[in-house]
Amino acid sequence: MRQRRVFVLLLLALLLGVALALDVGQLFSFEQLKAQHAALTAWHAQQPFTVAALYFALYVLATALSVPGATVITLAGGAVFGLGWGLLLVSFASTLGATLAFLASRFVLRDWVQSRFGHRLKAIHAGVDKEGAYYLLTLRLIPVVPFFLINLLMGLTRMKTRTYYAVSQLGMLPGTAVIVNAGTQLAQLDSAQGIFSPALLGSLLLLAVFPWFAKRGVAAIRQRQVYARWASVKPKKFDRNLIVIGAGAAGLVTAYIAAAVKAKVTLIEAHKMGGDCLNYGCVPSKALIKSAKLAHQMQHGARYGLIDTPPDFSFKALMQRVHAIIAAVAPHDSLERYTALGVEVLQGHGQLVNPWTVEVKLNNGEVQRLTARSIVIAAGARPVVPQLPGLQDVGYVTSDTLWDTLAQLEELPRRIVVLGGGPIGCELSQSFARLGAQVTQIEMADRLLLREDAEVSQHVREALQADGVRVLTSHQALRCERQGAEKMLVTVAQGKAQELAIAFDLLVCAVGREARLQGYGLEDIGVPTHRTVETNAYLQTLYPNIFAAGDVAGPYQFTHTAAHQAWFAAVNALFGDFKSFKVDDRAIPSATFVDPEVARVGLNEQEAAAQGVAYEVTRYGLDELDRALADSEAHGFVKVLTVPGKDQILGVTIVGAHAADVLAEYVLAMKHGLGLNKILGTVHTYPTMAEANKYVAGEWKRAHAPQKLLMWLEKFHHWRRG
Ligand SMILES: Cc1cc2nc3c(=O)[nH]c(=O)nc-3n(C[C@H](O)[C@H](O)[C@H](O)COP(=O)(O)OP(=O)(O)OC[C@H]3O[C@@H](n4cnc5c(N)ncnc54)[C@H](O)[C@@H]3O)c2cc1C
């Protein structure tokens, strides 16, 4: 690649050198054109096609090499071919030449510029990603920045070549038409500069800013329509900058950012500070998983050279530990901490009254009405309860009630049915089985973890079964019933007529979670919802001053995505009138904390296939990794999807011990456009699970080794041996 780059650079330098030596600039001078006008016109009359082809080629070459004089060549086009043909030839030749110059700059310079100044170019790249086409159009419409400079600079950005071509062709058309037309009047022109009078430049400027004004105008009209019904109740002044409804991950981070930038912000929480993650989700489930893992390791002590020992424990004490961990984390999300940070925290139920007003029914019975310029909805999600006949009668738990229910028990229920084969269902099933319960896990689909590749599902199924979970996939739950003192779940396997009744002491419903959309005014003020609150890329709802973040906004249901979205919601809510940011969801990681863990970022094979994305797979088996062997965790794999023939990462799936931690390197790589070569060139600590990342990169490198070069090297070494 480097050699090719040097070759292209030398070729360009040579061509430019020849052009300068021949004094091509003089050839393209206005005086020269005027002097040669008659001869050129006569030649064109004799050989119209040859002259047009030569002119086209010359134009492309001159622009591709960034030789000065584009205006004069364009004038010549008008003078020789007339307005119609002249415009056609110049329009295509100039765009083609510009695109070649753009590509040459990209090929020769971009990587070098990126590696040197990458961190400083971030803002420029973000600007170009967001509104690059518009900036380019403006630059093309107003010919005040030299043509060749635009080509060279835009080549250094991430703009797509086809966008560059299309916008250039369109944007240069008016200016080109003006110059070609001037060329048809060559005899009357005194100089090339005379073409662009201040009046003409002014009208081109107007043309350039028109799309911007049109865009803003349409947005303003839409806003007026949306807010029209609330015009009479819009407060003249707001008593807060921001109101946040819900103090889970999304709401807490939103409020934190607002307070950090000195906005007046009120955070409203109806139940527990910290939301699902702290109280019913990540924290208690990971605490339970840890205890269950230790119990499992004791049971299999012989794998570590110890003695298999059935764990002796009090379930009450185990659950006390879970709740103690919630209590230990709770201060991070507490009312006291947020108040100290400058957030006003109100404990009560928030209800949207209009786009700027929230009514809060405080837990002490008081009612307050607050107004703010912006509102962020961070109301989260709740567990889905399946519509099963008899369910209410037999009783069940969801993630909302599980932890308190278990805390009251002396013993773990002996027979547990877990309904649902998603991440939560799998984590809970394995933990309960490891703690000694007889667990049956029911899933309607034909495999667990349906969003992962089939081999991952199989791996997890085998791990769960090895721990004693009875996994019933392709099984539909039909109803619950009592048979004497027994509580039963009745299911049927797909394609079978025979029903299966499973007795249980505890039924856990883990069939998914749905965004909380009712009961706090969304429907009253007409905020559109589907499965989540509908938002645009800036997290704005129908009302541009009302935002949504976290599980309520979707599409993800993770704590880290809730916190990620919160940054965008807070910044856009407070500063969006000046500058808004689209949510960047290019590299979103996820993990299921079964043992072995499953972690993923970007595409897996089934998603790539569904989206028609071409990919190559590189794998590395953890059964070969030193650290995995030392830890008796030598199972699982790292699977990397890359663009065919390139080291660019499309997605990574890891199944193995500490997969969620090991994944972090790929999240960083994908976010910042680093490929497998960069991972291979990075020193990894020995012996760690993270070394697997280097080894998988090594596998990729081996598969893409330059075979011909290696053959020659072999010959070279043979010759050196004498
Ligand atoms: C068992 C389980 C395990 C999980 N494990 C993980 C994991 O390992 N990793 C991970 O990333 N994610 C995990 N999750 C998901 C994670 O908990 C959620 O994605 C995260 O909590 C979403 O945060 P949020 O702020 O959007 O919503 P929530 O945390 O649900 O917070 C919303 C808050 O809004 C409040 N609220 C709602 N309406 C009102 C109102 N009108 N007025 C006032 N307050 C209101 C609610 O009371 C709630 O406290 C798990 C979830 C569960 C259930």
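Residues numbered from 1 in each chain as written. Predicted model: local features only at pLDDT ≥ 70, side-chain atom pairs only at ≥ 80, totals over all residues. Heavy atoms only, no water.

Asks: An account of the overall build of the chain is requested, with residue identities and associated values reported.
Replies: Summing up its helical and strand segments, the chain has 26 helices and 20 strands in all. Projected onto the principal axes, the alpha-carbon positions of the chain cover approximately 110 × 90 × 55 Å. Looking at the 722 residues of the chain, the share that counts as buried comes to 46%. As displayed, the chain offers around 36,600 Å² of accessible surface, 60% of which is attributable to carbon and sulfur atoms. Computed over 68 positive and 57 negative side-chain charges, the inter-centroid distance for the chain is 9 Å. (Helix = DSSP H or I, 4+ residues; strand = E, 2+ residues; numbered from the N terminus. Buried < 20%, exposed > 50% of the residue type's maximum accessible area, 1.4 Å probe, protein only. Areas by Shrake-Rupley, 256 points an atom, 1.4 Å probe, with all protein chains shown as cover. Lys, Arg positive; Asp, Glu negative; His and termini not counted. Charge placed at Lys NZ, Arg CZ, Asp CG, Glu CD.)

Asks: Let's hear about the sheet that holds strand 13 (residues 506–509): which residues, and what values?
Replies: Sheets are built from strands that pair by backbone hydrogen bonding, the pairs being arranged parallel or antiparallel. With parallel pairing, the four strands of this open sheet are ordered in space as 9-8-7-13. Looking at the sheet topology across the chains shown, the edges are occupied by strand 9 (470–472) and strand 13. Mean inter-strand twist for the sheet, computed between neighbouring axes without regard to direction, equals 15°. Inspection of the sheet shows strand 7 (residues 415–419) paired to strand 13 by four bridges, in the parallel sense. If you follow Val417 over to strand 13, its bridge partner there is Leu507. (Pairing = 2+ DSSP bridges. Axes fitted to C-alpha atoms, helices over the stretch in contact; angles between N-to-C directions.)

Asks: How would you explain the site of the ligand if you had to name every residue and give the values?
Replies: Looking at the ligand, there are 39 residues lining it, with Glu269, Asp276, Lys286, Asp551 and Thr559 nearest. The separation between an oxygen atom of the ligand and a polar main-chain atom of Ala249 is 3.0 Å. Here an oxygen atom of the ligand and a backbone polar atom of Ala378 are 3.5 Å apart. Relative to its unbound accessible area of 1,000 Å², the ligand is 94% covered by the protein chains. Elements supplying a minimum of two residues to the shell around the ligand: helix 9 (249–260), strand 2 (265–269), helix 10 (275–279), helix 11 (282–299), strand 3 (344–354) and helix 19 (559–575). A class-by-class count of the residues in the shell around the ligand yields 17 nonpolar, 15 polar and seven charged. (Near = heavy atom within 4 Å. Polar contact = N/O pair within 3.5 Å; in protein donor to acceptor, adjacent residues only side chain to side chain. Nonpolar A, V, L, I, M, F, W, Y, C, P; charged D, E, K, R; others polar.)

Asks: Please give an account of the packing of aromatic side chains that cites residues and values.
Replies: Across all of its chains, the model carries nine aromatic pairs by this definition. Centre to centre, the rings of Trp567 and Phe568 are 5.0 Å apart; their planes meet at 80°, and the pair counts as edge-to-face. Through a chain of ring-to-ring contacts, three or more aromatic side chains come together here, namely Tyr55, Tyr59 and Phe81. In this structure, Lys579 is placed above the aromatic ring of Phe581, and the distance from its NZ or CZ to the ring centre is 5.4 Å. Lying across the ring of Trp712, Lys715 places its NZ or CZ 4.7 Å from the centre. (Phe/Tyr/Trp six-rings, centres within 6.5 Å; stacked < 30°, edge-to-face > 60°. Lys NZ or Arg CZ within 6 Å of the ring centre and 35° of its normal.)

Asks: Tell me about the pattern of salt bridges, and name the residues and values.
Replies: Considering all chains together, one arrives at 26 salt bridges under this definition. A salt bridge links Asp453 to Lys639, with the nearest nitrogen and oxygen atoms 2.7 Å apart. Taken together, the positions of Asp453 in the loop between strand 8 (438–442) and helix 17 (454–466) and Lys639 in strand 19 (residues 637–642) put the pair 186 residues apart, joining distant regions of the chain. Lys639 carries the same exposure label as Asp453, and that label is buried. The structure contains a network of salt bridges with shared partners spanning Asp453, Glu455, Glu605, Arg619 and Lys639. (Salt bridge = Lys/Arg side-chain N within 4 Å of Asp/Glu carboxyl O.)

Asks: Tell me about the nonpolar core, and name the residues and values.
Replies: One recurring pattern in soluble globular proteins is that nonpolar side chains are buried together. Formed by 36 residues in total, the largest nonpolar core has its most connected members in Leu402, Ile416, Phe432 and Val508. Sorting the residues of this core by element identifies helix 11, helix 12 (315–329), helix 15 (399–407), strand 7, helix 16 (423–434), helix 17 and strand 13 as the ones contributing at least two each. Leave out the neighbours within four places in its chain, and Phe432 touches Leu288, Leu402, Leu406, Leu412, Ile416, Val418, Ala437, Val439 and Val508. Trp230, Ile377, Ala515 and Val527 belong to the second-largest nonpolar core, a separate cluster that totals 29 residues. (Core = buried A, V, L, I, M, F, W, Y, C linked by side-chain atoms within 4.5 Å. Contact = heavy atoms within 4.5 Å.)

Asks: Tell me about the packing of helix 16 against helix 17, residues and numbers included.
Replies: Where helix 16 meets helix 17, the closest approach of the two axes is 9 Å, and the angle between their N-to-C directions is 25°. One element, helix 16, and the other, helix 17, form an angle in the roughly parallel class. Read as a crossing pair, helix 16 and helix 17 show a hand that is left-handed. When helix 16 is examined against helix 17, the residues Cys426, Ser429 and Gln430 are found in contact with a partner set consisting of Val460, Ala463 and Leu464. Looking at the contact of helix 16 with helix 17, its residues break down into four nonpolar, two polar and no charged. (Parallel < 35°, antiparallel > 145°, perpendicular 65-115°, else oblique. Left-handed = near helix turned anticlockwise from the far one by under 90°.)

Asks: How would you sum up the packing of helix 11 against helix 16? Please name residues and give values.
Replies: Each pair of packed helices gets described by two things: the angle between the helix axes and the distance between those axes. Where helix 11 contacts helix 16, the two axes come as close as 8 Å, and the packing angle between them is 40°. With respect to their mutual orientation, helix 11 and helix 16 come out oblique. Both helix 11 and helix 16 take part in a crossing whose hand is left-handed. The residues of helix 16 that touch helix 11, namely those facing Ser285, Lys286, Leu288, Ile289, Ala292, Lys293, Ala295, His296 and Gln299, are Glu427, Leu428, Ser431, Phe432 and Arg434. The class makeup of the residues in the contact of helix 11 with helix 16 is six nonpolar, four polar and four charged.

Asks: Go over unusual backbone geometry, please, and point to the residues and values.
Replies: Note: most peptide bonds trans; most residues except glycine with negative phi. Residues Gly554 and Pro555 are joined by a peptide bond in cis, for which omega reads -5°. Positionally, Pro555 belongs in the loop between strand 15 (546–548) and helix 19. The omega torsion of the bond from Asp595 to Pro596 falls at 5°, within 30 degrees of zero and hence cis. Structurally, Pro596 can be placed in the loop between strand 16 (589–592) and strand 17 (597–602). Even without being a glycine, Leu449 presents a positive backbone phi close to 40°.

Asks: For the sheet that holds strand 12 (residues 499–504), give the residues involved together with the corresponding values.
Replies: One open sheet holds the three strands; their spatial order is 10-11-12, and the pairing between them is antiparallel. A strand with exactly one partner marks an edge of an open sheet, and here the two such strands are strand 10 (475–483) and strand 12. Neighbour-to-neighbour, the strand axes of the sheet open up by a mean angle of 30°, direction not taken into account.

Asks: How would you sum up helix 11? Please name residues and give values.
Replies: Since one α-helical turn is 3.6 residues long, residues separated by three or four positions face the same way. With 18 residues, helix 11 extends 25 Å between its outermost C-alpha atoms, agreeing within 8% with the 26 Å of an ideal straight helix rising 1.5 Å per residue. All buried positions along helix 11 are accounted for by Val283, Pro284, Ser285, Ala287, Leu288, Ile289, Ser291, Ala292, Ala295 and His296. Turning to helix 11, the residues buried within the fold contact helix 10, helix 12, helix 15 and helix 16. (Expected span 1.5 Å × (residues − 1).)

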